[in-house]
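Survey of secondary and tertiary structure
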Amino acid sequence: MQTNNPECPLRSGHFQTAAEVSTLQRLAVFVLVIIAAFLGAVEVSAESGKDLYGSDIYWNATPNDVNNLLRKMKSQTDANFQMEVRTLGQISENPEQNPVLFRSGHYRFSYSPQEREKLRKYMLNGGMMIYNTGLGSKPFYDSVVEELKQIFPEQSLQKLAPDHPIFHSHYDLDRVEYTKAVGASGFRGNEPWFDGIEVNCRVVALVSRWCMAVGWQGEVQEEWQAYKSDSAFKLGVNILSYASAMRAWSKNAAQAMRFVDKLKSYSDTVSVAQISYDGIWKTRHAGLAVMLQTFNARTGIPVKFGLKELRLTDPAIFNSPVIYMTGHESFELKPEEKVMLKKFLENGGFLFGEACCGRKGFDKSFRDMIRSVLPDKPLERIPLTAQLFKEPNTITAVGVTPTLMQESGQARAEPTLFGIQLNGNLGVIYSPFGLSGGWEMSQSPYARGVNDVGATQIGQNVMMYTVTH
């Protein structure tokens, strides 16, 4: 049954930190809103349950779920959280008023065009939307997937890999426990199943394929498609820890540099094409343009900033001597794309690759891909003595992000770049650690990457290399 429930209310809340422990643990004041059909404290007159609740009467089937989660959150993080209930019509596009929205349900639903536009603005402004499938409801899940396609037609919903920061923001939780019904549905595995829409390295919409709410409620039964209670609680704490850290960061990220092409003329020395592929290929929207602008200012070399977005099968890639490729998650190029990439590189083209935020899924896929394209040309660490690290910046060490520093125990390290020699020059340069967030001067708090200054210097040196070789 297809329903449209515009006044499906939301439960919302505020929490505050008691102390600042670290960037990853800091919790900002924000509102959590849960989309439902009940009007809470709002006065209503209704002659039937449908008038009061709308078509999906199970939006609040587990009334203590979020309250239980928030109590758990407080015990783990010392955060105070207050929950509210609002209708979708009552929420604001301004995330300052309601930073997190939560919707749970069992049945199909749809938003109006105006509601989709409102939610899109809300999420792009820094808000986060969380969807919980009641008892693993496939109709509700399918509706969420369809609605997110319409809200973000340019950014596909993708399953989050186990190394995603959301699974490690408080607990390390890349493995979970499910009820028997999840296995009976055909799902095999013990990794959590979250789908997400990511914009500028931030999950703006999160979808849990299996039910978390009954775990928070403490009433899990094996015949329900759900996480068991301990896993559900830990996932919930992780989600809210991630949301709060990213909300604080997104306020600063919103002020990041936006590239404006003001130069009157160009020599067309360098034209850069960003490669699109099946998957999330555009993780940052301003970083590459900002880096090219700083390169021009640093060197005085005119650079064409009319950036292109091309598939490898587009012959226009041969009009761009430099192509750039990035992403977060695993991917695989089509055979015809690999053929064109090989031809591009063997004809003197240059590939600059980056694992945005240092994500391991993309890193493995990129290495596998380049090995299949150039099987006789190994991807090797570029030594610090290479010309690449000498101009326009002399680079001997770079600062790293807090997450990478926590892993390595070092605040600064030698730059880590890999390359492939073709016809006597580097035809491929690849960074397994994030750079583009640094180009925007807003690395994600969970990024495994190089800090702003180091990332900009590396980007400038790579571009100088393409110009002079």
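See the structure printed just above.
Now for a description of the structure that goes with this document. (Residues numbered from 1 in each chain as written. Predicted model: local features only at pLDDT ≥ 70, side-chain atom pairs only at ≥ 80, totals over all residues. Heavy atoms only, no water.)

Before going further, it helps to examine the pattern of salt bridges. Taken as a whole, this structure holds 18 salt bridges when the rule is applied. The partner of Glu222 in a salt bridge is Lys228, with the nearest N and O atoms 3.5 Å apart. For Glu222, a relative accessible area of 32% gives the class partly exposed. Given the relative accessible area of 30%, Lys228 is considered partly exposed. One salt bridge connects Arg359 with Glu329, and the closest N-O pair in it is separated by 2.6 Å. Linking Arg359 in the loop between strand 12 (350-355) and helix 10 (360-373) with Glu329 in the loop between strand 11 (322-327) and helix 9 (335-346), this pair joins segments that are 30 residues apart in sequence. (Salt bridge = Lys/Arg side-chain N within 4 Å of Asp/Glu carboxyl O. Buried < 20%, exposed > 50% of the residue type's maximum accessible area, 1.4 Å probe, protein only. Helix = DSSP H or I, 4+ residues; strand = E, 2+ residues; numbered from the N terminus.)

Moving on: the environment of Gly196. Here Gly196 lies in strand 7 (residues 194-199). Once you skip the residues sitting within four places of it in the chain, Gly196 turns out to touch Ser156, Leu157, Gln158, Leu160 and Ala205. (Contact = heavy atoms within 4.5 Å.)

This next bit is on the pairing of strand 7. Among the six residues that make up strand 7, six are buried, leaving the element largely enclosed by the rest of the structure. The alternating pattern of strand 7 places Phe194, Gly196 and Glu198 on one face and Asp195, Ile197 and Val199 on the opposite face, and all of these are buried. Relative to strand 8 (residues 202-208), strand 7 is paired through six bridges, and the arrangement is antiparallel. Bridge pairing in strand 8 links Val199 to Arg202. As consecutive antiparallel partners, strand 7 and strand 8 are separated by two residues, and within that stretch Asn200 has a phi angle of approximately 50°, a positive value. (Pairing = 2+ DSSP bridges.)

Looking now at helix 3 (residues 113-124). In this model, helix 3 (12 residues) spans 17 Å end to end at C-alpha, consistent with the 16 Å of a helix rising 1.5 Å per residue. Among all positions of helix 3, only Glu115, Arg116, Lys118, Leu119, Tyr122 and Met123 are buried. What you see down the axis of helix 3 is that its buried residues fit within an arc of 165°, all on one side. In helix 3, those exposed residues whose orientation departs by more than 90 degrees from the buried face are Pro113 and Gln114. The elements touched by buried residues of helix 3 are strand 4 (100-105), strand 5 (128-133), helix 4 (138-151) and strand 8. Immediately downstream of helix 3, the backbone of Gly126 shows phi near 125°, a positive value. (Expected span 1.5 Å × (residues − 1). Arc of directions from axis to C-beta.)

Attention now goes to the nonpolar core. By size, the foremost hydrophobic cluster in this structure holds 34 residues, and its most contacted members are Met128, Ile166, Phe194, Leu206, Tyr227 and Leu235. Put simply, the parts of the chain that give this core at least two residues each are helix 2 (65-77), strand 4, strand 5, strand 8 and helix 7 (229-253). With 11 residues, the single largest contributor to this core is helix 7. Those residues in contact with Ile166, other than ones at most four positions away along the chain, are Met128, Leu160, Phe194, Leu206, Asn238, Ile239 and Tyr242. (Core = buried A, V, L, I, M, F, W, Y, C linked by side-chain atoms within 4.5 Å.)

Another point: the packing of aromatic side chains. Counting across every chain of the model gives 21 aromatic pairs. Taking the centre distance of 5.4 Å and the plane angle of 35° together, the rings of Phe167 and Phe194 count as tilted. Placement of the pair is Phe167 in the loop between strand 6 (158-159) and helix 5 (180-184) and Phe194 in strand 7, with a sequence separation of 27 residues. Residue Phe167 is classed as buried on the basis of its relative accessible area, which comes to 0%. Chaining the aromatic ring pairs together yields one cluster made of Tyr141, Phe167, Tyr178, Phe187, Trp193, Phe194, Trp210 and Tyr227. It is Lys234 that lies over the ring of Tyr171; its NZ or CZ is 5.4 Å from the centre. (Phe/Tyr/Trp six-rings, centres within 6.5 Å; stacked < 30°, edge-to-face > 60°. Lys NZ or Arg CZ within 6 Å of the ring centre and 35° of its normal.)

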